[in-house]
Amino acid sequence: MSVGQGPRTIPAPYALPVSFAMFLAVGTVAAALHGRLPATGVLIACAAIAGVTSFAAEPAAFVLLAGIGWLTTVGFSRPPYAQLHLTGAIATRAAIAIGASALGGACLGLVFRWLARRLTLVSMGTYTGMRAAKKAARDARGGAMVNRRAAGPRPGLPGSGGLGGVAAAGGTSGDASAIDIRRRLAGVVLAAVLLPLITAVLAALRPHLNLADDLLFYLVAVVTITVVGGFWPAVLAAVTASLLLNWYFTEPLHTFTIQQPRELLALLLFVTVAVAVSSVVHLAARRAVQAARAREEAASLLELAQTVLGGADSPAAVLEHLTATHGGQAELQERSGGRWVRTASSNVAASLPAANRIDIRDDLTLLVTGQRVSATAALLAGYAAQAAAALDRERLRTQAAQAEALAEGNRMRTALLAAVSHDLRTPLASIKASVSSLRQTDVQWSPADEADLLATIEQNADRLDALIGNLLDMSRLHTGSLQPFLRPTAIDEVAPVAVGGLDDSLRLDLAVPEGFPLVLADPGLLERVLANLFSNALRYSPAARPPELQAQLVGGMVRLEVVDHGPGVPDEQKERIFEPFTRVADRHPGVGLGLAVAKGFAEAMGGRIEAGDTPGGGLTVTVTLPAAVPDKSALGAEP
């Protein structure tokens, strides 16, 4: 039993065939006892069946129940049985008793179900109040009292338009869920046309047919009307067909009196069989509609899952998919600070005060309104669960990104601490030792010794300058404060400047052809890129084979290759050498920032940088930047 709904009625397609069979059973027993069951007993039995079934079934069914019960009482109250006489004391007494019993049962059923729903509401409200009181007590003990009533009714409970309200908005039960109003009207129109037509044809063929043949023709018509219009048009057609059979095809003709017992029994069986067949056909149609609706729900949820797996994994994307597929408005709310706040929404301008609420968990609810009939309660519950899961995953991704940023910051601080503790102190110690030696008054230094000490000071000062420059450059890249100014730049002007501040710069070969096209770059950043690449190449190149810079124009892009003939880098390390504070070998001093800074500056200028092998051994680092004016006819261009 769902919350706030109470007991449900028995659908008419189930109740009517069963009650008709019970009426026939009463008539059969009365006929078999040959008068030992008095007329009052038959009346009491039929009135009891009509009252109890009307109490449990849909209210609209009591009319048919009273009618069939009255026919059974009139036809089987006294011998000769199964003869229908519409007048007399028995017919009047049966009409009053059975009609009152059926009507009273229907009214009592309505009152009972209304009281049951009220009791369910009260019990659920008491349960909710107990939960609220317990939570308030817990909050009071913790020093954080939260007034749960300040935010309005709990979502999902009666009075707040919860999931039960969504079910009411998404469709109705019973016949309306299987056959829409247009088909039911079509069934009524078909009955109004088909039954008179069949009556006219059978009346013309009366000499050639008997009552059994007429019953079969009308039964086929009732089944056809059931297929078109559903259960209630079929019941109307069955009752109408029985009246037509009684008036036109049973003796005496053109009266509702039946003299032959077998004809009354045949009519009762016809109505029972027609209603039973109509019930089976109607239930099959309803099952088909429910299966189709289930397929639509599964397809909608599958499409939602594909959307989420395809990358739209956020609460807003889930709600947008809901409104785009089923229309209406949707809003996801979360309880924060004692009130409900919007977390995500779709097609919502202000707020949704009158929306249906689907309780996902204690602190999260989904508000929906205006959806089409295809948005059933189960489907909306699936969307609510997906929205909650997407919200949780989004927050987990945010927390993971924050944790990754903290870890990266910690790694950067640790590497900077290592750089300060070793790579900064080593040149400072050399500078201090050289300066202290020069300042000694008790030692007479030769000009050659002084030159060596001054060279040591200058070399270590250059190391400090390069190290501090790389640290500052990496800090600019890490904080995102780098703003390159791109303009046409000549390689043969920037490369000599980059070489000038390096040791052993004379060992570097600059193979840049004359008239080489300009490159679109920031001259200062490009100088830093080439300086770091030159420094790395000079550090690892043997004296006999100096490194070189080669420039080519390929398809509108300038390729600058810094080639060395050193030991090279293994393939699995070629990507890692561009990461900050990464060194493949420790044979040379440094903190591993030069290539990382070169990569960051190259990408900031819209280019890329990659490492490859030098033919014959060594490392080739290639920087690719866009040419300022692409010209495939320029020197060094490739087809």
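Cut-offs and rules
Residues numbered from 1 in each chain as written. Predicted model: local features only at pLDDT ≥ 70, side-chain atom pairs only at ≥ 80, totals over all residues. Heavy atoms only, no water. Core = buried A, V, L, I, M, F, W, Y, C linked by side-chain atoms within 4.5 Å. Buried < 20%, exposed > 50% of the residue type's maximum accessible area, 1.4 Å probe, protein only. Helix = DSSP H or I, 4+ residues; strand = E, 2+ residues; numbered from the N terminus. Contact = heavy atoms within 4.5 Å. Salt bridge = Lys/Arg side-chain N within 4 Å of Asp/Glu carboxyl O.

> How should the nonpolar core be read in this particular structure?
Within soluble globular proteins, side chains that are nonpolar generally end up buried alongside one another. Of all hydrophobic cores here, the largest spans 53 residues; its most connected members are L16 and Y218. Going through the elements one at a time, α1 (12-33), α2 (39-56), α3 (62-76), α4 (89-142), α7 (181-204), α8 (211-229), α9 (231-249) and α10 (261-309) are the ones with two or more residues in this core. Counting residues per element, this core draws most heavily on α9, which supplies 9 residues. The residues touching L16, leaving out its near neighbours within four places in the chain, are A61, L64, L65, F231, W232, V235 and V275.

> In this structure, what is going on with the side chain of N536? I would like to understand it.
Positionally, N536 belongs in helix α15 (residues 523-540). In this structure N536 comes out as buried when scored by relative accessible area, which is 13%. Not counting residues up to four positions away in its chain, the partners in contact with N536 are L595 and L619.

> What should I look at first to understand the pattern of salt bridges in this one?
Two side chains of opposite charge can pair, provided their charged atoms sit close to one another. Evaluation of the coordinates by the stated rule reveals 8 salt bridges. The salt bridge partner of E331 is R342, with a shortest N-O separation of 3.4 Å. Separated by 11 residues along the polypeptide, E331 in strand β1 (residues 329-336) and R342 in strand β2 (residues 339-346) bring together distant segments of the chain. What makes E331 buried here is its relative accessible area of 3%. Exposure remark for R342: the relative accessible area of 37% places this residue in the partly exposed category. For R361, the salt bridge is made with D392, and the minimal N-O distance between the two is 3.1 Å. Residue R361 is found in strand β3 (residues 356-361), and its partner D392 is found in helix α12 (residues 377-439); the two are separated by 31 residues along the sequence. Through salt bridges that share partners, R361, D363 and D392 make up one connected network.

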